[in-house]
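For reference, the chains in residue letters:
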Amino acid sequence: MAKIMNGNRVVTNEVRLSYANVWKPKSINGSDEKYSVSLIIPKSDTETISLINKAIDQAITDGISKFGGKKPNKGVLKLPLRDGDVEKDDEAYADSYFINCNSKTAPQIVGLDRMPITDETEVYSGCYAKVSVNFYAFNTNGNKGIACGLGNIQKLKDGEALSSRTNAEDDFEAVEDEDFLG
């Protein structure tokens, strides 16, 4: 069950991880290194989407000082909840919304038993998880909006990896070489 905490913090229902840079921080376009992930949220998950919209509204209210002391119209702000059918030409994002979230601090990553996962191959782009995120206002260089901070991750289950990487086993055939080490 998704839940909202402290007005602007949400724990999602099951989402799919994409562009998961959750083990090592990465610089994107020369910015500071951050941990980041894109959360793919099925449009059918109206509970999570509703809570995210409530948290965004709360972040707008909490961030009035960032917006010159007045509550702006949502339509003039850059918002984090985006439509995968409109913005992505990728089947993984079909019939889904997505949110890009990041943090300078490493997320805690746990399994179903809430015990830490330390094997970096266990949580990857394509697996399914619950994720805690928080929303906050920003006003930088004339860009105003609500950003999404990455909290913690609970892996729920495996999924098909979202990458173009292949296995060597699939790429090559076995070759017998009678002279090898011979």
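Residues numbered from 1 in each chain as written. Predicted model: local features only at pLDDT ≥ 70, side-chain atom pairs only at ≥ 80, totals over all residues. Heavy atoms only, no water.

Let us look at the nonpolar core. If you look at the biggest cluster of nonpolar residues, it comprises 36 residues, and the most contacted ones within it are Leu-17, Val-131 and Phe-135. Going through the elements one at a time, strand 3 (15-26), strand 4 (34-42), helix 1 (46-62), strand 6 (96-103), strand 8 (128-140) and strand 9 (143-157) are the ones with two or more residues in this core. When residues in this core are grouped by element, the largest group, seven residues, is from helix 1. (Core = buried A, V, L, I, M, F, W, Y, C linked by side-chain atoms within 4.5 Å. Buried < 20%, exposed > 50% of the residue type's maximum accessible area, 1.4 Å probe, protein only. Helix = DSSP H or I, 4+ residues; strand = E, 2+ residues; numbered from the N terminus.)

Further remarks concern the pairing of strand 3. Sheet topology places strand 3 next to strand 8; two bridges connect them, and they run antiparallel. Note that in strand 8 the partner of Arg-16 across the bridge is Tyr-128. Examined bridge by bridge, strand 3 and strand 4 share five bridges and lie antiparallel to one another. What sits directly across from Leu-17, in strand 4, is Leu-39. (Pairing = 2+ DSSP bridges.)

Here we take up the pattern of salt bridges. One pass over the full model with this rule turns up nine salt bridges. Close ionic contact of Lys-157 with Glu-14 constitutes a salt bridge, the shortest N to O distance being 3.7 Å. You can see Lys-157 sitting in strand 9 and its partner Glu-14 sitting in the loop between strand 2 (9-11) and strand 3, a full 143 residues away along the chain. In this structure, Arg-82 and Glu-87 form a salt bridge, with 2.8 Å as the shortest nitrogen-oxygen distance. Classification of Arg-82 as partly exposed rests on a relative accessible area of 27%. A cluster of three or more residues bridged by salt bridges with shared partners is formed by Lys-43, Asp-83 and Asp-85. (Salt bridge = Lys/Arg side-chain N within 4 Å of Asp/Glu carboxyl O.)

The geometry of an aromatic ring pair comes down to the distance between the two centres and the angle between the two planes. Enumeration over the complete set of coordinates arrives at one aromatic pair. Ring geometry for Tyr-93 against Phe-98: centres 5.3 Å apart, planes inclined by 85 degrees, an arrangement best described as edge-to-face. By the burial criterion, Tyr-93 is buried, and Phe-98 matches it. For the cation-ring pair, Lys-88 lies above Phe-98, with the distance from its terminal atom to the ring centre recorded as 5.3 Å. For Lys-157, the ring lying beneath its charged end belongs to Tyr-128, and the centroid distance is 5.1 Å. (Phe/Tyr/Trp six-rings, centres within 6.5 Å; stacked < 30°, edge-to-face > 60°. Lys NZ or Arg CZ within 6 Å of the ring centre and 35° of its normal.)

A few words now on the environment of Tyr-97. Within the secondary structure, Tyr-97 sits in strand 6. Contacts of Tyr-97, omitting those with residues within four sequence positions, involve Leu-39, Ile-40, Ile-41, Lys-43, Ile-49, Leu-81, Arg-82, Asp-83 and Gly-84. (Contact = heavy atoms within 4.5 Å.)

Our next topic: the state of the cysteines. Following the criterion strictly, the structure yields zero disulfides and no others. Lacking any disulfide linkage, Cys-127 is separated from the closest cysteine sulfur, that of Cys-101, by 13 Å. Taking the relative accessible area as the measure of exposure, Cys-127 reaches 0% and is therefore buried. Looking at Cys-148, it has no disulfide partner, and the nearest cysteine sulfur is the one in Cys-101, 4.4 Å off. (Disulfide = S-S within 2.5 Å.)

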